[in-house]
Amino acid sequence: MLDPARFDAQTFLRDYWQKKPLLIRNPWTDWHNPLEPDELAGLGCEPGVESRLITHGADMPALEHGPLPEDRFDTLGKAPWTMLVQAVDHHVPAVADLIQPFRFIPDWRIDDVMVSYATDGGGVGAHFDQYDVFLVQGLGRRRWRVGGLCDDTTPLMPHDSLRLLADFQPVEEYVLEPGDILYMPPRYAHEGTALGHDCMTYSIGFRAPSLGELVDGWTEHLVDQPGDDDRYTDPGLAAQDNPGEISEAALARMHRMITERMGDTQAFARWFGEFSTSPKPSEIDWSPEEQFSPEDVQAALDHFPMLVRNPASRFAFVAGEGDAVTLFVDGQVYECDQHRADAARSLCANRALSISAEQARADSVIDLLTGLLNNGCIAFEGEPED
Ligand code: SIN
Ligand code: CO
């Protein structure tokens, strides 16, 4: 939890979000580091988990992609190094909990929590990111140096795989202790260097679709829709003086065909819900080995009325008419009205859902829960694992 006296979300959104960096000195009511270095190292060695190792030799830093061989840590020597593990929140609920205080920003804007571990002097080097990030110091100390805004023309070092700044000019410098947070808006130059060993930093990273991604995804979706009959027609065609002219009327008709289809805001909302909750192609399939039937779910709810979200699953909804909502989970669409909509809203707001006796009797709710359980998006709380 964040202490409201030390961090005010409204002031932050008004003065800093997407505007300028902010150092927030330990705003937590009771900070403790949610993950041990060796647990992180274990994740870095697991297949299906995205990890990187950056070592600093005499010359340029070198990058290795995970999964790292377990004995890699024994061969690292004394030179500074850092390991970075992506989407740790998907695997460690205590790390997923770090996102909770920042949920005044909508879930669909949140990407993941990346966790880094560095030895004395380790870091990824001076760079800029395209997205906002809260850099939470978990363990040990890190010196952050912050520079100005960068763009596509900012000179980079000649490196095959790391986008490091060729000419970093720091204007601010901070030393972060456990619990301190540095907020960085997109495209600000920054460089974090571990001061002493066992430095862990949690990057709560956001995402924002680029225009290219939106146009690409939305038009691909439109093209995939059946409707080849939806073709240019011109009844009432007027005879043309010059047959070589593409007339203004023909152009206007075709342009209208496109803009009408592209301008369908309801279809866009549905597509965006699917798009923004879809797992990345590399992500793990969490569906259980044995599928549940609606009867299994109804029976299990008698003993386990509490359901918990898979921390790796993305939930979002779009409000419809009246009480209805369209729920999106991991790229799947669930139309919800009445009872089902209450459960859907609740699942989007909270990480756990207690099913009432009334909800457990509603077939539409049971069907929704069965679908979510079978896709691995939720699980019964307290159910013995097999
Ligand atoms: C780190 O944790 O070392 C890197 C985080 C960042 O600069 O984005
Ligand atoms: Co960065």
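Because the structure is predicted, anything quoted here is derived from the model rather than measured.

A. Quick look at the nonpolar core. Counting 40 residues, the largest nonpolar core has L40, V88, F134, Y202 and I204 as the members making the most contacts within it. Counting residues per element, the ones that place at least two in this core are α1 (9-15), β1 (22-24), α2 (37-44), β4 (81-85), β5 (110-118), β6 (133-149), β8 (181-184) and β9 (188-206). Among all residues touching F134, those that are not within four sequence positions of it are F12, F102, I105, I181, L182, Y183, Y202, S203, I204 and F206. Counting 28 residues, the second largest nonpolar core, distinct from the first, contains L301, I366, L368 and C377.

B. Quick peek at the pairing of strand β13 (residues 332-336). Taken together, the 5 bridges between strand β12 (residues 325-329) and β13 define a ladder with antiparallel strand orientation. Its bridge partner being in β13, T326 is matched across the sheet by E335. In textbook terms, the turn of a hairpin is the stretch between consecutive antiparallel strands, and for β12 and β13 this stretch comprises 2 residues, one of which, D330, has a positive phi near 50 degrees.

C. Structural detail: the site of ligand 1. Every residue close to ligand 1 is listed here: L84, M114, S116, H127, D129, L135, R142, W144, H190, T201 and S203. One of the side-chain nitrogen or oxygen atoms of R142 is found 3.4 Å away from an oxygen atom of ligand 1. Here ligand 1 loses 95% of its free accessible area of 260 Å² to cover by the protein chains. Those elements that place two or more of their residues in the shell around ligand 1 are β5, β6 and β9.

D. Fine view of the sheet that holds strand β14 (residues 352-354). Sheet architecture is open: 3 strands sit in the order β14-β10-β15, paired in antiparallel fashion. Of all strands in the sheet, those with a lone pairing partner are β14 and β15 (378-380), marking the two edges. Put simply, the sheet's adjacent strands are angled 25 degrees from each other on average, direction ignored. Pairing analysis gives 3 bridges linking strand β10 (residues 306-309) to β14, with the strands arranged antiparallel. Looking at β14, one finds that M306 is bridged to S354. In this fold helix α8 (residues 338-349) packs onto β10, β14 and β15, with an angle of close to 145 degrees to the strand it touches most, β14. The sheet contacts of helix α10 (residues 363-374) involve β10 and β15, and relative to β15 the element is tilted by about 100 degrees.

Procedures and definitions
Residues numbered from 1 in each chain as written. Chains lettered and ligands numbered in written order. Predicted model: local features only at pLDDT ≥ 70, side-chain atom pairs only at ≥ 80, totals over all residues. Heavy atoms only, no water. Core = buried A, V, L, I, M, F, W, Y, C linked by side-chain atoms within 4.5 Å. Buried < 20%, exposed > 50% of the residue type's maximum accessible area, 1.4 Å probe, protein only. Helix = DSSP H or I, 4+ residues; strand = E, 2+ residues; numbered from the N terminus. Contact = heavy atoms within 4.5 Å. Pairing = 2+ DSSP bridges. Near = heavy atom within 4 Å. Polar contact = N/O pair within 3.5 Å; in protein donor to acceptor, adjacent residues only side chain to side chain. Areas by Shrake-Rupley, 256 points an atom, 1.4 Å probe, with all protein chains shown as cover. Axes fitted to C-alpha atoms, helices over the stretch in contact; angles between N-to-C directions.

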